[in-house]
Amino acid sequence: MRIVKSASLMQKIALEHIKNGDEIGLVPTMGALHDGHASLIARSEKNDDITIVSIFVNPTQFGPKEDYLKYPRTVKEDLEICKENHVDYVFMPSVNDMFPAEHKTFIEVKILQDILCGKFRQDHFRGVVTVVAKLFNISCADRSYFGMKDFQQLKIVERMVKDLNFKIKIIPCPIIREKSGLAISSRNSYLSAKEKKSSENISRILREASEDFKTKNLSFVKRSALNKLKKIPGSKIDYAEIVNFSDLSFADKNTEKAVFAVAIWIGKTRLIDNFVMLKQTQNI
Ligand code: PAF
């Protein structure tokens, strides 16, 4: 496993691999790696000749009052996980290399960037898609792996790839959950034991909603889930919305495949989670 810290060197290495006929997989991360990331790496290991994991805590996707400085940085452990999972390259650029003072270009994915999390995290997705586009170009990857926990991020990246004619293929990967159902996230490390217990209710409530969605009407499903979410000790809901799986538009009575997406504060930690929901007649 090789650690590469410069964007231009990473691109040069990637181009050499392409010349040799290798297919490259990219797993973009902000570090603090966990089993969710390991599952993305495993998918790349299966599909690609070369796996690149990028570790970059991207300042442009954090708002001024958000947790950029506090975001968990666990480089030593991350490198161990990459090594154990047979990663070929870990790309760890500096902020100055990715966003030097003269950097002027940002990508926006209209509408999709302004709903759900975008309502509460202004400019977040602009920062995400810009860094993701840069990582695609630097890694010259054929495939890139995104977890479905960040469902809005996945849909926005897919849209950007289509709209800007990137040739990379986006591979969505299932949410990895703890035994309790809690979606694994780097931010779970902020939770106290008591808050973690509270957080475990989120996935249970979403699972129950997905059962209700099979047979019951939309307003019942939403109302019932909202009532339960509000009762989680220490919780404050940013949003709890049922949207169409395909384009994140609000679901209606004709929606067959939906996503129940939530962002909820438990104490000082903002957690997101979602469940895909299907009407009775559909199979996943
Ligand atoms: O999902 C993340 O960890 C980040 O948003 C990503 C895709 C690595 C971009 O910084």
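This section reports on the structure supplied with the text. Every chain is numbered independently, its residues counted from 1 as its sequence is written. In view of the model being predicted, local features appear only for residues whose pLDDT reaches at least 70, and side-chain atom pairs are presented and counted only at 80 or more, with totals across whole chains, interfaces and linings using the full set of residues. Heavy atoms throughout the structure, all of them, feed into the side-chain values; hydrogens and water do not.

Turning our attention to the environment of Gln 113. Among the secondary structure elements, Gln 113 is positioned in the loop between helix H4 (95-98) and helix H5 (117-120). Overall, Gln 113 belongs to the buried group, its relative accessible area being 12%. Residue contacts are counted whenever heavy atoms from the two residues lie within 4.5 Å of one another. Aside from chain neighbours lying at most four places away, what touches Gln 113 is Glu 108, Gly 118, Phe 125, Arg 126 and Ile 156. Every helix listed is a DSSP run of H or I at least four residues long, and every strand listed is a run of E at least two residues long, numbered separately from the N terminus. Note on classification: 1.4 Å probe, protein chains only; a residue is buried when its accessible area is under 20% of the maximum for its type, exposed when over 50%, partly exposed between these limits.

With that out of the way, let us pick up the environment of Arg 223. Relative to the assigned elements, Arg 223 resides in helix H9 (residues 218-230). Of the residues examined, Arg 223 reaches a relative accessible area of 49% and is grouped as partly exposed. Put simply, Arg 223 and Ala 240 are 17 residues apart on the chain and 9.9 Å apart in space, counted from C-alpha to C-alpha.

In terms of burial, strand S3 (residues 50-55) is largely enclosed, as six of its six residues are buried. The pairing criterion for strands is at least two bridges between them, as found by DSSP. Bridge count for strand S2 (residues 24-29) against S3 is six bridges, and the pairing is parallel. Of the residues in S3, the one forming a bridge with Ile 24 is Ile 50. The path from the first strand over the helix to the second decides the hand: if it runs clockwise while the strands point away from the viewer, the crossover is right-handed. Each parallel crossover has a hand, and for S2 linked through helix H2 (residues 35-47) to S3 it is right-handed. In the sheet, S3 pairs with strand S4 (residues 89-91) via three bridges, with the strands oriented parallel.

Another point: the site of the ligand. Around the ligand, the structure places Pro 28, Thr 29, Met 30, Asn 58, Gln 61, Val 131, Val 132, Phe 146 and Gln 153. For this analysis, a polar contact is any N or O atom pair within 3.5 Å, provided that within protein one partner can donate a hydrogen and the other can accept it, and provided that sequence-adjacent residues contribute only side-chain to side-chain pairs. Interatomic distance of 2.6 Å between a side-chain N/O atom of Gln 61 and an oxygen atom of the ligand. Residue Gln 153 places a side-chain N or O atom 2.7 Å away from an oxygen atom belonging to the ligand. Counting only elements with at least two residues in the shell around the ligand, the list comes to S2 and helix H6 (124-139). All residues other than Ala, Val, Leu, Ile, Met, Phe, Trp, Tyr, Cys, Pro, Asp, Glu, Lys and Arg, Gly among them, are scored as polar; the first ten of these are nonpolar and the last four charged. Residues that form the shell around the ligand fall into these classes: five nonpolar, four polar and no charged. Near is defined per residue: the residue qualifies when any heavy atom it owns lies within 4 Å of the molecule or strand.

What follows concerns the packing of helix H8 (residues 193-215) against H9. In this analysis, axes come from line fits to C-alpha atoms, helices being fitted only over the stretch in contact, and the angle between any two N-to-C directions falls in the range 0 to 180 degrees. Their axes nearest at 9 Å, the elements H8 and H9 cross at an angle of 165°. The orientation of H8 with respect to H9, classified from their angle, is roughly antiparallel. In this structure, H8 meets H9 at a crossing whose hand is right-handed. Contacts from Ile 202, Ile 205, Glu 208, Ala 209, Asp 212 and Phe 213 of H8 reach H9 at Leu 218, Phe 220, Val 221, Ser 224, Ala 225, Lys 228 and Leu 229. Looking at the contact of H8 with H9, its residues break down into nine nonpolar, one polar and three charged. Our angle categories are set so that under 35 degrees counts as roughly parallel, over 145 as roughly antiparallel, 65 to 115 as roughly perpendicular, and the remainder as oblique. Note on convention: near helix rotated counterclockwise from far helix by under a right angle means a left-handed crossing. Clockwise means right-handed.

In this section: the pattern of salt bridges. We define a salt bridge as a contact between a side-chain nitrogen of Lys or Arg and a carboxyl oxygen of Asp or Glu at a distance within 4 Å. Counting across every chain of the model gives 20 salt bridges. A salt bridge links Asp 67 to Arg 187, with the nearest nitrogen and oxygen atoms 2.9 Å apart. One end of the pair, Asp 67, is in the loop between S3 and helix H3 (75-84); the other, Arg 187, is in the loop between strand S6 (169-173) and H8, with 120 residues separating them in the sequence. Accessibility expressed as a relative area gives 14% for Asp 67, which makes it buried. For Arg 187, a relative accessible area of 18% translates into the label buried. The partner of Glu 158 in a salt bridge is Lys 155, and the shortest N-O contact between them spans 3.6 Å. With Glu 158 and Lys 155 both in helix H7 (residues 151-163) and three residues apart, the pair spans about one turn of that helix. Under the relative-accessibility criterion, Lys 155 is labelled buried at 11%.

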